[in-house]
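Inside the fold
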Amino acid sequence: MDVKIEPGWKAQLTAEFEKEYFIQLTDFVKQEYRQETVYPPGPLIFNAFKHCPFDRVKVVILGQDPYHEPGQAHGLCFSVREGVPFPPSLINIFKEIQTDLGEPVPRSGDLSRWADQGVLLLNATLTVRAHQAGSHQNKGWETFTDAVIHHLAESRDHIVYILWGSYAQRKGAFINTSRNLVLQSAHPSPLSAYRGFFGNKHFSQTNDYLIACGKTPVSW
C-alpha cells in the first residue's frame, strides 16, 4: 500500500502498511472521511512525521486522541493551529514551561516549532470524528503507533520519551530506560495537572539530557 508519509518513516514502516489491520484501518478511515466530519484534515493525518523525520527524532511526546472541535487538530498532539484558543491541557503545558524554564507563554499554540526541532508529537489515535472524543479508538491506529514507537526504540538510542498520564505510560512501558530517558508524570489536563504534572520539570530535564548526549536542546 502506498502511504504518503515522510520518506524516512516510510522506509521504516513499509512492512506495517502491508499488514491486514492497516489495510482495514485505511478502509475505515477513508469511509469516515467520505461520510462524516473527521479531524484533522486528511492531508495532515501524518503531519507529525512530516515535521519530524525518523532520523531527526530526539524527543517523543505521546498524546491519546486528536482534538475533536473545528479548527483545532492538525496532526500534532497537544498542538492547535495558529490563532486557535489554547485548550486547557496546552495552557497547563505552557504554565509548566514558564515555571520550569522562565519562558513567557507563547502567542501561538502551534507546536510545529517543536516538531521541526526533533520533537515527535504523536497521538495514539491519528483521526477522530467531529465532537466525538475517542470515536476512532480501537480501529487499528493504536497498533500502528505502537509499531512507530517500537521502531524508534529498537533503532535509536538517547531519545527522551515524555509520558503524561497512565495511558501514555502503558503505551511506553517497554522502552529501554538504560538507553533512553523516560519521563513520567500526571497528565496536564485540569483534572490531573495538580497531582504531579505541575513541577515535573520535564522540559529542563529533557534539555539537560540532550546536552549530556551531545545534542542540541529544544527551544520550548
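Quick summary incoming for the structure in this document. These numbers were taken from a predicted model, which means no experiment stands behind them. Residue numbers run consecutively from 1 along every chain, following the written order of its sequence. Only residues with pLDDT of 70 or above have their local features reported here, since the model is predicted, and side-chain atom pairs are shown and tallied only from 80 upward, although totals for entire chains, interfaces and linings are computed over all residues. Hydrogens are left out, water is left out, and the side-chain values use all remaining heavy atoms of the structure.

Let us now look at empty space enclosed by the protein. With a 1 Å grid spanning the protein atoms alone, the term cavity applies to any set of points in which a 1.4 Å probe fits but cannot get out, the term pocket to an open set with protein on both sides within 12 Å along at least five of seven lines, and the term lining residue to any residue with an atom within 4 Å of a point. Grid points are joined across faces, edges and corners, and a volume is the space filled by probe spheres set on the points. Summed over all chains, the structure comprises one cavity of 30 Å³ or more. As a volume, the largest cavity reaches approximately 50 Å³. Only DSSP runs of H or I reaching four residues or more are called helices, and only runs of E reaching two or more are called strands; each is numbered from the N terminus. Broken down by element, the residue count for the lining of the largest cavity peaks at three residues, all from strand β3 (residues 119-123). Gly falls in the polar group here, along with every residue not listed as nonpolar (Ala, Val, Leu, Ile, Met, Phe, Trp, Tyr, Cys, Pro) or charged (Asp, Glu, Lys, Arg). Here the residues of the lining of the largest cavity are counted per class, giving eight nonpolar, two polar and no charged.

What follows is about the environment of Ser 192. With respect to the element layout, Ser 192 can be found in the loop between β6 (181-185) and α8 (202-212). Taking the C-alpha atoms as reference points, Ser 192 and Ser 89, separated by 103 residues in sequence, lie 9.8 Å from one another. Whether two residues are in contact is decided by their heavy atoms, any of which lying within 4.5 Å being enough. Dropping the residues within four chain positions of it, Ser 192 is found in contact with Ala 186, His 187 and Phe 197. At 2.8 Å, the side chain of Ser 192 forms a polar contact with the backbone oxygen of His 187. Any pair of nitrogen or oxygen atoms within 3.5 Å is treated as a polar contact; in protein, a donor-acceptor pairing is required on top of that, and neighbouring residues in sequence qualify only through side-chain atoms on both sides.

With that out of the way, let us pick up the packing of aromatic side chains. Any pair of Phe, Tyr and Trp rings, taking the six-membered ring for Trp, is counted once the centres come within 6.5 Å. Such a pair is stacked with planes under 30 degrees apart, edge-to-face with planes over 60 apart, and tilted for the rest. One pass over the full model with this rule turns up 20 aromatic pairs. Ring centres 6.2 Å apart and planes at 90 degrees place the aromatic pair Tyr 21 and Phe 22 in the edge-to-face group. Like Phe 22, Tyr 21 is buried. Aromatic side chains Phe 46 and Trp 141 sit 6.1 Å apart centroid to centroid with 75 degrees between the ring planes, which places their arrangement in the edge-to-face category. Taken as a pair, Phe 46 in the loop between β1 (38-39) and α3 (47-51) and Trp 141 in helix α6 (residues 141-155) lie far apart in primary sequence, 95 residues in all. Owing to a relative accessible area of 3%, Trp 141 belongs among the buried residues under this scheme. The buried label goes to any residue with under 20% of its type's maximum accessible area, the exposed label to any with over 50%, and the partly exposed label to all in between, with areas taken from a 1.4 Å probe on protein chains only.

On to the nonpolar core. The tendency in soluble globular proteins is for nonpolar side chains to be buried side by side. Membership of the largest hydrophobic core comes to 67 residues, with the highest contact counts inside it found for Ile 61, Trp 114, Leu 120 and Phe 144. Of the residues forming this core, the biggest block, six residues, is contributed by α6. Look past the residues within four positions of Leu 120 in its chain and what remains in contact with it is Trp 9, Ala 48, Phe 49, Cys 52, Val 57, Val 59, Val 60, Ile 61, Val 148 and Leu 152. Residues grouped as a nonpolar core are buried Ala, Val, Leu, Ile, Met, Phe, Trp, Tyr and Cys residues, joined through side-chain atoms within 4.5 Å.

One number sums up the size of the largest pocket: a volume of about 620 Å³. Around the largest pocket, the lining comprises 29 residues; the ones closest to its centre are Gln 64, Asp 65, Tyr 67, Ser 89 and His 187. Secondary structure elements with two or more residues in the lining of the largest pocket: β2 (59-63), α4 (88-101) and α7 (165-171). Broken down by element, the residue count for the lining of the largest pocket peaks at four residues, all from α7. Tallied by class, residues from the lining of the largest pocket come to 14 nonpolar, 13 polar and two charged. Size it by volume and the second largest pocket reaches roughly 450 Å³.

Another aspect to go through is α4. Between its first and last C-alpha atoms α4 spans 20 Å; for 14 residues at 1.5 Å apiece the expected length is 20 Å, and the two agree. Taken together, the buried positions of α4 are Ser 89, Leu 90, Asn 92, Ile 93, Phe 94, Glu 96, Ile 97 and Asp 100. The secondary structure elements touched by the buried residues of α4 are α5 (112-115), β5 (160-164) and α8. In the segment just after α4, Gly 102 is the residue with positive phi, at about 75 degrees. Here a helix's expected span is defined as the number of its residues, less one, multiplied by 1.5 Å.

Turning our eyes to something else, we now look at the packing of α4 against α8. To obtain each axis, a line is fitted to C-alpha atoms, and for helices this fit is confined to the stretch in contact; angles are then taken between N-to-C directions over 0 to 180 degrees. Where α4 contacts α8, the axes come no closer than 8 Å and their chain directions differ by 60 degrees. Put simply, α4 runs oblique to α8. Here Ile 93, Glu 96, Ile 97, Asp 100 and Leu 101 of α4 lie close against α8, whose contacting residues are His 202, Phe 203 and Ser 204. Along the lines of polarity and charge, the residues of the contact of α4 with α8 split into four nonpolar, two polar and two charged. Roughly parallel here means an angle under 35 degrees, roughly antiparallel means over 145, roughly perpendicular means 65 to 115, and every remaining angle is called oblique.

Note that Gln 72 resides in the loop between β2 and α4. Gln 72 has contacts with Tyr 67, Ser 79, Val 80, Arg 81, Val 84 and Pro 87, leaving out every residue within four places of it along the chain.

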